[in-house]
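Descriptive analysis of the structure
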2 protein chains.
Amino acid sequence: MKTDAGRSAVLIGAGNVAAHLAPALQEAGFTISQVFSAQGKSAAALAKKTGAKAVRQLSALQPEATLYLIAVKDDAIGSLAKKLKIKKGLVVHTSGSVALDVLKPAGQPHGVLYPLQSLSKKRALDMQQVPLCIEASDKKTLKALKEIAQQLSQHVYPLDSKQRRAAHLAAIFANNFTNHFYAIAAELLSENKLPFDLLRPLILETAMKALDMPPAEAQTGPALRHDKQVMKRHLELLKKHPRWAELYALASKDIADTH
Amino acid sequence: MKTDAGRSAVLIGAGNVAAHLAPALQEAGFTISQVFSAQGKSAAALAKKTGAKAVRQLSALQPEATLYLIAVKDDAIGSLAKKLKIKKGLVVHTSGSVALDVLKPAGQPHGVLYPLQSLSKKRALDMQQVPLCIEASDKKTLKALKEIAQQLSQHVYPLDSKQRRAAHLAAIFANNFTNHFYAIAAELLSENKLPFDLLRPLILETAMKALDMPPAEAQTGPALRHDKQVMKRHLELLKKHPRWAELYALASKDIADTH
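Scope of this entry: the structure provided in the associated data block. (Residues numbered from 1 in each chain as written. Chains lettered and ligands numbered in written order. Predicted model: local features only at pLDDT ≥ 70, side-chain atom pairs only at ≥ 80, totals over all residues. Heavy atoms only, no water.)

**Comments concerning the overall build of chain A**
If you tally the helices and strands in chain A, you get nine helices and eight strands. Principal-axis analysis of the C-alpha atoms gives chain A an extent of 70 × 40 × 30 Å. Buried positions account for 57% of the 259 residues belonging to chain A. Partitioning the contacts of chain A with sequence separation of at least 6, the portion at a separation of at least 24 is 50%. Total accessible area computed for chain A in this model is approximately 11700 Å², and 52% of it derives from carbon and sulfur atoms. (Helix = DSSP H or I, 4+ residues; strand = E, 2+ residues; numbered from the N terminus. Buried < 20%, exposed > 50% of the residue type's maximum accessible area, 1.4 Å probe, protein only. Contact = heavy atoms within 4.5 Å. Areas by Shrake-Rupley, 256 points an atom, 1.4 Å probe, with all protein chains shown as cover.)

Listed below in structure tokens is the structure:
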């Protein structure tokens, strides 16, 4: 397969991130030429959608492309990069937490394109609104990666490795832990025969507020007010869930001390 | 002031909750006749807005009204109820955590109308979409309160005291703690010279997902994947913030054990 006719992208991985970046790359004028996945099924589906060829062997990857986009699990990126036999192409991974230089063994200019968003195949998202954190092995590569990223999204942030790690850690708090707290709340409601619907407007408004003002300014609640009576009652209610009681006490202490 | 001409409401308190319920009551056909607040300024502003009379002395409250809506701080409700001299009217507080029977000393049918939402004067909200949790001293009062609540909102939930307390506790997780986690994330970004804008789309999408599917199903991240390497690195990054490291470890442990 030749790439002379324009820019081509090879997708390595066919999960949530690849599924969202593929159509964005196509809109930016890329041809998706191959989709690799060791699990054939997801690669076949994404390949069909994008008009690419599904590939189940790394050895079958074409030796040249504009972009090799590695969107596999964090702990598989390094070993995969070692196996790549690429003659020419920009090699990029999409992880928030994996170091840039695990891509060095690929022997090509390399970088990171980390979409700071929760991507799942089930939910449509406008990639133009997704913050893309980029990083590259050298200035020339950064320039090339930035040009591509800016075609995919209106919000491109060149970060260094330390900043990317901090952004990823911040995302753990803003997404993983908040979502887990939604789940705790859902369980507390369910134990009392109450529907989760009761909390959905509050969850949405809490997030909407964060779009409007610094979250520290929006803080409310018994911990902020140092309302010890209410907090004590809540801890009693959480007797059956000692770890949630611990989380409650710790988060409340931190809120009280911060404000 | 007579109430024969229609339904009248007396607002006791002129904070965020009163400011949001007042226009909703007016739209439901209530006349706001008085607004009480010990701090004259906020009462005067809300009274002006609603065409009511501002009152700074409890003794100046009219003896009869359809509804006395107590929307003051949690720990002030009980002592205030003892001082009320009402001849006729439904006395209601709006707190998630205060018991119903602190209103008993008012000597009138009483209830709770707890809006399960984060209300602030700065942000407009459609009260029709705000879940209202109601509770009352007896069946007849519950019926009357339900009728009023259903005119204010499309989402009215009659709860008992235990359920209301659970809903309030769940709201602490879904609002107070998530908002604090946004603030932690903002600080982590700021320490690395990164703008909070980087996280806003993720925060919104995380909340939007919870409108669509049970949060437990939407869970992602290193704790879910039991990715010990990433978690270890994150804890190192949090060295300067021992309590956030503790929160990180505890939340991660809970996610790992839940899934």
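**With respect to the sheet that holds strand β5 (residues 88-93) of chain B**
Strands in a sheet are paired, the pairing made by backbone hydrogen bonds, and the direction either parallel or antiparallel. Residue and element names in this part refer to chain B. Spatial strand order, β3-β2-β1-β4-β5-β6-β7-β8: eight strands in an open sheet with mixed pairing. Where the open sheet ends on each side, the last strands, each with one partner, are β3 (53-55) and β8 (156-158). Adjacent strand axes in the sheet meet at a mean angle of 25°, parallel and antiparallel pairs treated alike. By the bridge criterion, three bridges tie strand β2 (residues 31-36) to β3 in an arrangement that is parallel. The residue bridging phenylalanine 36 from the neighbouring strand is valine 55, located in β3. In the packing of helix α5 (residues 161-191) onto the sheet, contacts are made with β5, β6 (110-115), β7 (132-136) and β8, and the angle to β6 comes to roughly 25°. (Pairing = 2+ DSSP bridges. Axes fitted to C-alpha atoms, helices over the stretch in contact; angles between N-to-C directions.)

**Details of the side chain of serine 95 of chain A**
Residue and element names in this part refer to chain A. The topology assignment puts serine 95 in the loop between β5 (88-93) and β6 (110-115). A polar contact is formed between the side chain of serine 95 and the side chain of aspartate 74, at a distance of 3.1 Å. A polar atom in the side chain of serine 95 sits 3.0 Å from the backbone nitrogen of serine 97. (Polar contact = N/O pair within 3.5 Å; in protein donor to acceptor, adjacent residues only side chain to side chain.)

**Looking at the relation of the copies chain B and chain A**
The relation between the two chain copies is a rotation about an axis coupled with a shift along that axis. You can overlay chain B on chain A at an RMSD of 0.0 Å; the transform is a turn of 180° with a shift of 0.0 Å along its axis. In symmetry terms, the pair is related by a two-fold rotation axis. Identified as the residue of chain B closest to the rotation axis by C-alpha distance is threonine 178 of chain B, at 2.5 Å. When the interface residues of chain B are mapped onto chain A, 100% of them again lie at the interface, so the same face is used by both copies. (Least-squares fit on C-alpha atoms with pLDDT ≥ 70 in both.)

**Things to note about the nonpolar core**
Ranked by internal contacts, the top residues of the largest apolar core, which has 80 residues, are Leu116, Phe173 and Leu199 of chain A together with Leu116, Phe173 and Leu199 of chain B. Among the secondary structure elements, those contributing two or more residues to this core are β6, α5 (161-191), α6 (200-212) and α9 (242-258) of chain A together with β6, α5, α6 (200-212) and α9 (242-258) of chain B. (Core = buried A, V, L, I, M, F, W, Y, C linked by side-chain atoms within 4.5 Å.)

**Considering the interface of chain B and chain A**
Residue-level contacts link 88 residues of chain B with 88 residues of chain A. Note on chain B versus chain A: buried area summed over both sides is about 8700 Å², and carbon and sulfur give 67% of it. Area buried by chain B at its contact with chain A is led by Arg123, Phe173 and Arg243 of chain B, which between them contribute 9% of it. On inspection of chain B and its partner chain A, the count reaches 10 salt bridges. A salt bridge links arginine 243 of chain A to aspartate 257 of chain B, with the shortest nitrogen-to-oxygen separation between them at 2.9 Å. Joining chain B to chain A, the criterion identifies 40 residue pairs in polar contact (both at pLDDT 80 or more). Looking at which element gives the most residues to the side of chain B that touches chain A, the answer is α5 of chain B, with 26 residues. Of the residues contributing to the side of chain B that touches chain A, the split by class is 50 nonpolar, 20 polar and 18 charged. (Buried area = accessible area lost by both parts, 1.4 Å probe. Salt bridge = Lys/Arg side-chain N within 4 Å of Asp/Glu carboxyl O. Nonpolar A, V, L, I, M, F, W, Y, C, P; charged D, E, K, R; others polar.)

**What to know about the packing of helix α8 (residues 228-237) of chain B against α9 of chain B**
Relative orientation and spacing of two packed helices are given, respectively, by the angle between their axes and the distance between those axes. Residues and elements named next belong to chain B. At a minimum axis separation of 9 Å, α8 and α9 run at an interaxial angle of 160°. Judged on the interaxial angle alone, α9 and α8 are roughly antiparallel. The crossing of α8 and α9 is right-handed. Taken together, the residues of α9 that come into contact with α8 (itself represented by Met231, His234 and Leu235) are Ala245, Tyr248, Ala249 and Ser252. (Parallel < 35°, antiparallel > 145°, perpendicular 65-115°, else oblique. Left-handed = near helix turned anticlockwise from the far one by under 90°.)

**Notes on the pattern of salt bridges**
When the charged atoms of two side chains with opposite charge come close together, those side chains can pair. Residue and element names in this part refer to chain A. Across all of its chains, the model carries 18 salt bridges over all chains by this definition. Among the salt bridges present, the one from aspartate 197 reaches arginine 200, with a minimum N-O distance of 2.6 Å. The class of aspartate 197 is partly exposed, set by a relative accessible area of 43%. Residue arginine 200 is classed as buried on the basis of its relative accessible area of 18%.

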